[in-house]
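Below, each chain spelled out in residue letters.
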Amino acid sequence: MSYVDDVLAKVIENNPSEPEFHQAVTEVLETIRPLIEENEELYKKEAILERLTVPERMIKFRVPWVDDKGQVQVNTGIRVQFNSAIGPYKGGLRFHPSVNQSIIKFLGFEQIFKNSLTGLPIGGGKGGADFDPKGKSDREVMAFCQSFMTELYKHIGADRDVPAGDIGVGAREIGYMFGQYKRLTGNYEGVLTGKGLSYGGSLARTEATGYGVIYLSAELFQSHGMELAGKTVCVSGSGNVAIYAIEKAQELGAKVVTCSDSNGWVYDPEGIDVAALKEIKEVQRARLTEYKKYRPNSEYHEGRGVWQIKCDLACPCATQNEVFIEDAKQLVANGCTALVEGANMPTTLDATKYLQENGVFFVPGKASNAGGVAVSALEMSQNSERLSWTFEDVDERLQTIMVNIYHNMDDAAKRYGKEGDYVAGANLAGFEKVLNAMLAQGVC
Ligand code: NDP
Ligand code: 2IT
């Protein structure tokens, strides 16, 4: 058995009932194989892959809080500190009822390579809780966030581990957690990113992930002699990533015709009205059923169906495993040019393979959604120097980072004889830097 196969088998055996974690590790290890095989003896002796796939640390804790009826509720919080070879742990917190160890480990593992791809000094981490913010009052959300931080604060810090948002965690939640951290430690420091602008947040962080997805998509199209302007785009999701991907795509002259939430999806053939979407999702925190009130000519459908609509660019921006093999077949049949992931691992492994084998450019989330964490790292820099940069400055740096990610991923794929395989390119380019740092730091 090769070293890669051996470690892959061990990961599956040692982490039972963690299908998302298996999926993420399989994709990475399979594609970094050519790099490992260049010096298999050394990497095996150094147990590089075992160290890469076992988190440095994982913290699991009880989060008790009191709801509006006076009832005590208990949730489970997790923080996985996966790899600190190139910088302090960095990665979001997800609050969603589906959160479990497998999901947080897959996200933390992906974050190692994503953060490396940004070119900035940040290691990989992720966390969250099985708490559902939907339908909760602001007071309940605050009570939960304060209790969550009352345990988490022991393990994080501006030079140690810097959490941020993800599904279910936006500016409101970050604010409550920052307040509690400050109260517990007495330190006013850049311990979280995605903060409000009045207390250390960075301009353009809210927009960064979605904008970054589109900056990378534009570079992909341009590098293949095409223009994003005039193209039709299908987006799924209607949260932070989806909203700003839609906004930037339309700003660059493309037309986005879909979005979705966990209940249903919208088809708006004239192009999604971003102002209406922001009002519904960011202000009212309501469901997409409301969208028709703003746009009578649009359609609302229950269930899933975004990928049936003909498009040139598909951007899944909701959650993991939301593009299946049947969707991939439909996208190919409809003549789709590219699928650029906004969410983390939204495409299943067989759907990815089908798209790649049928000539669709496929960009994995760890490359295309890295703009969020990249601007988080820029927020850390601003906090360290106690200065705030302008929107234009941050946005320009974001564009440069996304263009560089595209070319680094493209070059790495070519260097290893896998031209056009951006999954391999992203994993190889991300891993190279982490590998060098791990080797240099000895057994740790
Ligand atoms: P939000 O909570 O702002 O929005 C999530 C969106 O996805 C909502 O529309 C939500 O619908 C939908 N969704 C979530 N879970 C499911 C599900 N199980 N089934 C169907 N729809 C679902 O999260 P973000 O926009 O921040 O995150 C979206 C994706 O992007 C995630 O994969 C996240 O990990 C990734 N990401 C986020 C970054 C960031 O900076 N925020 C950075 C990089 C990646 P509903 O409201 O009905 O639940
Ligand atoms: O998946 C991700 O990269 C994020 N949720 C953002 C992480 C961050 O630290 O900004």
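We now turn to the structure provided with this report. Given the structure is predicted, the values throughout are model-derived calculations rather than measurements.

**As for the site of ligand 2**
Line of reasoning, step 1. Within the structure, ligand 2 sits among 14 residues, and Lys90, Lys114, Asp166, Arg205 and Ser376 are positioned closest to it.
Line of reasoning, step 2. Relative to its free-state accessible area of 300 Å², ligand 2 is covered by the protein chains to the extent of 94%.
Line of reasoning, step 3. Listed by contribution, the elements that provide at least two residues to the shell around ligand 2 are β3 (89-95), α6 (101-117) and α16 (370-385).
Line of reasoning, step 4. When the residues that make up the shell around ligand 2 are grouped by side-chain class, the tally is two nonpolar, seven polar and five charged.

**Here we look at the nonpolar core**
Line of reasoning, step 1. Counting residues in each nonpolar core, the largest one holds 100 residues, and the members touching the most others are Leu29, Leu49, Phe109 and Phe431.
Line of reasoning, step 2. With 10 residues, helix α18 (residues 422-440) is the largest single contributor of residues to this core.
Line of reasoning, step 3. Setting aside its immediate chain neighbours within four residues, Phe431 contacts Ile32, Leu35, Ile36, Ile48, Leu52 and Phe113.
Line of reasoning, step 4. By size, the runner-up hydrophobic cluster in this structure holds 24 residues, among which are Ile59, Val63, Phe144 and Ile174.

**Let's talk about empty space enclosed by the protein**
Line of reasoning, step 1. In total, this model carries one cavity of 30 Å³ or more according to the counting rule given.
Line of reasoning, step 2. What lines the largest cavity is simply Glu27, Glu341, Met345, Thr347, Leu349, Thr352, Phe362 and Pro364.
Line of reasoning, step 3. Its residues assigned to classes, the lining of the largest cavity comprises four nonpolar, two polar and two charged.

**Quick look at unusual backbone geometry**
Line of reasoning, step 1. With phi around 60°, Ser17 is a residue other than glycine that occupies positive phi space.
Line of reasoning, step 2. Considering the arrangement of structural elements, one finds Ser17 in the loop between α1 (3-14) and α2 (19-31).
Line of reasoning, step 3. For Ala204, which is not glycine, the phi torsion reads 75° and is therefore positive.
Line of reasoning, step 4. Mapped onto the secondary structure, Ala204 falls in the loop between α8 (171-185) and α9 (205-223).

Conventions used here
Residues numbered from 1 in each chain as written. Chains lettered and ligands numbered in written order. Predicted model: local features only at pLDDT ≥ 70, side-chain atom pairs only at ≥ 80, totals over all residues. Heavy atoms only, no water. Near = heavy atom within 4 Å. Areas by Shrake-Rupley, 256 points an atom, 1.4 Å probe, with all protein chains shown as cover. Helix = DSSP H or I, 4+ residues; strand = E, 2+ residues; numbered from the N terminus. Nonpolar A, V, L, I, M, F, W, Y, C, P; charged D, E, K, R; others polar. Core = buried A, V, L, I, M, F, W, Y, C linked by side-chain atoms within 4.5 Å. Buried < 20%, exposed > 50% of the residue type's maximum accessible area, 1.4 Å probe, protein only. Contact = heavy atoms within 4.5 Å. 1 Å grid on protein atoms, 1.4 Å probe; cavity = no way out; pocket = protein on both sides within 12 Å on 5 of 7 lines; lining within 4 Å. Points joined across faces, edges and corners; volume = space filled by probe spheres on them.

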